[in-house]
Amino acid sequence: EALEKGGYEHFMLKEIFDQPKCIIDCMRGRLLPDKKKIVLSAINMHRERLLRANRFIIVACGTSWHAGLIGKQMIEQWCKIPVEVEYASEFRYRNPVIQPNDVVIAISQSGETADTMAAFELAKKHGALCFGIVNGVGSSISRESDTGIYIHVGPEIGVASTKAFTGQVTVLTLFSLALGHELGVIGQVEYEQHIDELARIPRKIEEILKKDDCIKKIAHSLKDARNSLYMGRGFNYPVALEGALKLKEISYIHAEGYPAAEMKHGSIALVDEDMPVVFVATHHQLYKKIISNIEEVKSRNGRIIAIVTEGDEEVKKLAESVIEIPPTLPTIVPLLSVIPLQLIAYHVAVDKGLNVDQPRNLAKAVTVE
Ligand code: G6P
């Protein structure tokens, strides 16, 4: 086992640090920066069907569902096709409307989650194209798929999903860019800008990983918290959900993720000097808006921890601590902004002496209902 952990104390830490390499593996042969192209055989094989899709329905659970929320924003932005993101467990039982021109995307690390599989079977019965975004090669969901894209990040052992999430988001990015380009919705300049930036992402993740010691210290300050809030907006909203999920899964600290502007409709009532609030506040859309959300927390004495873009000055003035990440394009930022949140959750759990790789009550793959 020590050998498999490759010198890391836990599988989760290894999997977090493996992400630059995993993303390279995931993009290999698909992202061709020299040719300014993205090549996906799933699109080539089902071009007609995908180009005339009326709607995408993404079905998933847990972390994979969060990746789906990011996928929705990208597909809608670049393909102008409506997307719904559904909890597989709800979708399968609520007699949903599924039409033959719908494309149902199942996102699953294991490819064995019972609810996701059942939602996919239902979609197939209604004649939708079933598209799998899966890690487990030869898994049940991959076999049920009409087509799909493997994320190719290698086996994930830690129960809290990390590299599968960034792999899923990478595949969703490639897919939505490539389809948007085929549809003629995304302009050539924007398309090429994203291809170039995707190629730089593994190096940028490495830069964040170098800050692990500083992130560990910040995590230490969260160790005794009973509750916490995670806030983000736009593409960082699903990242906030994922950061909160990571913390609760392995550190057993109650954590809620919110779209930051929603906090005034409820969670702001919880803010006091004992409430850490983690803001994902990079320099993108809604940056100014999130500053005012941070000010609202500050004025109620909340403890602010923020993920910001390098060189940020405004959030720094308000926060107890900040973690800087390299600049990138707004659509791609989740691939970077989630990394410090994974590390925070990891270090809090280690600090508390908990079983990081096998947290209580959770399973790596939920193969029964
Ligand atoms: C379990 C795992 C999570 C995972 C979820 C969905 O709850 O502990 O890490 O996100 O299942 O799993 P899947 O394999 O379908 O992505």
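Analysis parameters
- Residues numbered from 1 in each chain as written.
- Predicted model: local features only at pLDDT ≥ 70, side-chain atom pairs only at ≥ 80, totals over all residues.
- UniProt positions renumbered as here; feature names shortened; annotations may be inferred.
- Helix = DSSP H or I, 4+ residues; strand = E, 2+ residues; numbered from the N terminus.
- Rg over C-alpha atoms; globule rule 2.2 N^0.38 Å.
- Buried ≥ 20, exposed ≤ 12 C-beta atoms within 10 Å, placed from the backbone.
- Expected span 1.5 Å × (residues − 1).
- Axes fitted to C-alpha atoms, helices over the stretch in contact; angles between N-to-C directions.
- Parallel < 35°, antiparallel > 145°, perpendicular 65-115°, else oblique.
- Left-handed = near helix turned anticlockwise from the far one by under 90°.
- Contact = placed C-beta atoms within 7 Å.
- Nonpolar A, V, L, I, M, F, W, Y, C, P; charged D, E, K, R; others polar.
- Near = placed C-beta within 6 Å.
- Pairing = 2+ DSSP bridges.
- Right-handed = clockwise from strand over helix to strand, strands pointing away.

Per an unreviewed UniProt entry, the protein is named Glutamine--fructose-6-phosphate aminotransferase [isomerizing], and its organism is Xylanibacter caecicola. As recorded by UniProt, the Subunit (unreviewed entry) comment attached to the protein reads in full: "Homodimer." The heading Catalytic activity (unreviewed entry) in the UniProt record of the protein holds the text "D-fructose 6-phosphate + L-glutamine = D-glucosamine 6-phosphate + L-glutamate".

If you tally the helices and strands in the protein, you get 15 helices and twelve strands. The C-alpha radius of gyration of the protein comes to 20 Å, within 12% of the 21 Å expected for a compact globule of 369 residues. Principal-axis analysis of the C-alpha atoms places the extent of the protein at approximately 55 × 45 × 45 Å. In the protein, which comprises 369 residues, the share counted as buried stands at 53%.

Keep in mind that most residues, glycine aside, have a negative phi and that most peptide bonds are trans. With a phi close to 50 degrees, asparagine 95 is a non-glycine residue in the positive phi region. Of note, asparagine 95 is situated in the loop between α6 (88–91) and β5 (102–108). Judged by local crowding, asparagine 95 falls into the exposed class, with 8 C-beta atoms found within 10 Å. A positive phi angle is found at histidine 152, which is not glycine, with a value near 55 degrees. For histidine 152, the position within the fold is in the loop between β7 (147–150) and α9 (163–183).

Over its 18 residues, helix α15 (residues 334–351) extends 26 Å from the first C-alpha to the last, a length consistent with the 26 Å expected when each residue adds 1.5 Å. With 17 of its 18 residues buried, α15 lies for the most part within the structure. Following α15 by one or two positions, glycine 353 adopts a phi angle in the positive range, close to 75 degrees.

A separate point is the packing of helix α12 (residues 237–251) against α15. It is the contact of α12 with α15, at a shortest axis distance of 9 Å, that shows an interaxial angle of 15 degrees. As far as their axial angle goes, α15 and α12 are roughly parallel. Pair α12 / α15 crosses with right-handed handedness. Contact residues: Pro238, Val239, Glu242, Gly243, Lys246, Leu247, Ile250 and Ser251 in α12; Pro334, Ser337, Val338, Leu341, Gln342, Ile344, Ala345, Val348 and Ala349 in α15. Here the contact of α12 with α15 is built from residues that sort into eleven nonpolar, four polar and two charged.

Close to the ligand lie 15 residues; Gly62, Thr63, Ser108, Ser110 and Thr113 are nearest. Broken down by element, the shell around the ligand gets its largest block of residues, three residues, from helix α5 (residues 62–79). Partitioned by chemical class, the residues of the shell around the ligand number five nonpolar, nine polar and one charged.

So, about α12. Here α12 spans 21 Å end to end across 15 residues, near enough to the 21 Å set by a 1.5 Å rise per residue. With 14 of 15 residues buried, α12 is to be regarded as a mostly interior element. Of the residues one or two after α12, tyrosine 252 is the one with positive phi, at around 60 degrees.

Our focus in this paragraph is the sheet that holds β7. Overall, parallel pairing links the five strands, which are arranged β4-β3-β5-β6-β7 in an open sheet. At either margin of the open sheet sits one strand with a lone partner, and together these are β4 (83–87) and β7. Each strand axis lies, on average, 20 degrees off the axis of its neighbour in the sheet, ignoring direction. Contacts from α9 reach β5, β6 (129–134) and β7 within the one sheet, and its direction differs from that of β6 by about 135 degrees.

This brings us to the pairing of β6. Counting buried residues in β6 gives six out of six residues, a clear majority hidden from the surface. The alternating pattern of β6 places Leu129, Phe131 and Ile133 and Cys130, Gly132 and Val134 on opposite faces, both of which are buried. Of the crossover connections in this fold, the one passing from β5 over helix α7 (residues 114–125) to the parallel β6 is right-handed. As defined by bridge partners, β6 adjoins β7 across four bridges and the pair is classed as parallel. Paired with valine 134 across the two strands is tyrosine 150, which belongs to β7.

In this section: the environment of isoleucine 291. Looking at the element boundaries, isoleucine 291 is found in helix α13 (residues 287–298). A residue is classified by how many C-beta atoms lie within 10 Å of it, and isoleucine 291, with 17 of them, is partly exposed. Along the chain, isoleucine 291 and phenylalanine 279 lie twelve residues apart, while their C-alpha atoms are 9.5 Å from each other. Not counting the four nearest positions on each side in its chain, isoleucine 291 is found in contact with Glu314 and Val315.

The buried fraction of strand β8 (residues 227–232) amounts to five of the six residues, a majority that puts the element mostly inside the structure. Bridging between β8 and strand β9 (residues 254–259) involves six bridges; their strand directions are parallel. When the bridges of β9 are listed, asparagine 227 appears paired with histidine 254.

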